[in-house]
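Letter by letter, the chains look like this.
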Amino acid sequence: MTKIISKKIGYIGLGKMGFNMANRLLTKGWKVVATDVNDDAVDRFIEVGGVGYKDLKDLVNNSGDPGERVIWLMVPHNYVDGVLDDLGLLLSFGDIVIDGGNSLYELSIERSKKMSKKGIKYIDAGVSGGPEGAKNGVCVMVGGEKDTYNYLEDLFKDISAKDAYKYMGRSGAGHFVKMVHNGIEYGMMEAIAEGFNIMKHSDFDLKMLDVADIYQHQSVITSRLVGWLQKGFQTYGEDLAEVSGSAGASGEGEWTLKVAGNMGIDAGVIQHALDARIESQKDPSYAGKLIQTMRNMFGGHAGNTKVSS
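Computed from a predicted model, the values in this text were never measured in an experiment.

1. Side note on the sheet that holds strand 1 (residues 8–12)
Line of reasoning, step 1. If you walk across this open sheet you meet the eight strands as 3-2-1-4-5-6-7-8, and the pairing is mixed. Pairing within the sheet leaves two strands with one partner each, and these edge strands are strand 3 (51–52) and strand 8 (160–169).
Line of reasoning, step 2. Bridging between strand 1 and strand 2 (residues 31–35) involves five bridges; their strand directions are parallel. Counterpart to Gly-10 in the pairing with strand 2 is Val-33.
Line of reasoning, step 3. Contacting strand 1, strand 4 (70–73), strand 5 (96–99), strand 6 (121–128), strand 7 (138–143) and strand 8, helix 7 (residues 146–159) runs over the sheet at an angle of about 160 degrees to strand 8.
Line of reasoning, step 4. In the packing of helix 8 (residues 173–200) onto the sheet, the strands contacted are strand 5, strand 6, strand 7 and strand 8, and the crossing angle to strand 6 comes to about 20 degrees.

Structural data, given as structure tokens:
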């Protein structure tokens, strides 16, 4: 397959990530036809120059010619099957569906087989970057048929930051790599939280904002996560008084641990990180506040009184 020629795409899901990603495509010259269960989100997308429909059938009918349509899903993983069932009745042989949410890779493999029986190509795209990254370009890990990836490469290039997209392998590989990415993220956030918790309770009367700032200037642990924590201190104060001490978990850490267990591979750091989040639900702590602050800064996750989910 040659690369995609028509810069037209149907987009389902205008939440925190989806809206910004769809809007980014508009700035790259794509005609984006979008829908969402939230009518207000559709209206807002129309206001920024997109085309919006409040009915899935209207979206499909206006997303391109049968056999050439590309539909991007950006919906919670537990809604994907329902959307696919509806799309299966509306799409045509040769159309393409891309699942950009955090779906369990095993389900992505099965969904690919199911859609293939209808002649519909299915791509699993793990997306990292959070709502802010979605504005400026995300990181995309792609699984599925290589020919379909090649055909869609310009799409992935336009929705991503520079050099931030890559083909991972056969169906399921994209969501597998993203799942493990999130498991690693659990461990990194836990290590940062533990370190800052130790410093907060030391005898040195350290300024957490100053520590985060110096760590962000050429230290070995300079990172986006530390940067987001720094931003959190600036927003909520060093005591993080308005932030919940109960750190949430979205599921991918648990998925990663299950896969590691099936492989007989130790994942002690990720296990400890997940256990710490579960414990924080029963016993809120400053470490829980630190984790929840990072989650909120990069993902807009609920957990304090100032920023909604």
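2. Details of the pairing of strand 5
Line of reasoning, step 1. Alternating positions in strand 5 separate into two faces, Ile-96 and Ile-98 on one and Val-97 and Asp-99 on the other, with burial throughout.
Line of reasoning, step 2. By the bridge criterion, four bridges tie strand 4 to strand 5 in an arrangement that is parallel. Counterpart to Ile-71 in the pairing with strand 5 is Val-97.
Line of reasoning, step 3. Where the polypeptide runs from strand 4 across helix 4 (residues 80–88) and back to strand 5, its parallel neighbour, the crossover connection is right-handed.
Line of reasoning, step 4. At this point the chain moves from strand 5, through helix 5 (residues 105–116), to the parallel strand 6, and the crossover so formed is right-handed.

Criteria and thresholds
- Residues numbered from 1 in each chain as written.
- Predicted model: local features only at pLDDT ≥ 70, side-chain atom pairs only at ≥ 80, totals over all residues.
- Heavy atoms only, no water.
- Pairing = 2+ DSSP bridges.
- Helix = DSSP H or I, 4+ residues; strand = E, 2+ residues; numbered from the N terminus.
- Contact = heavy atoms within 4.5 Å.
- Axes fitted to C-alpha atoms, helices over the stretch in contact; angles between N-to-C directions.
- Buried < 20%, exposed > 50% of the residue type's maximum accessible area, 1.4 Å probe, protein only.
- Right-handed = clockwise from strand over helix to strand, strands pointing away.

Read these as layout, nothing more, since geometry by itself doesn't imply function.
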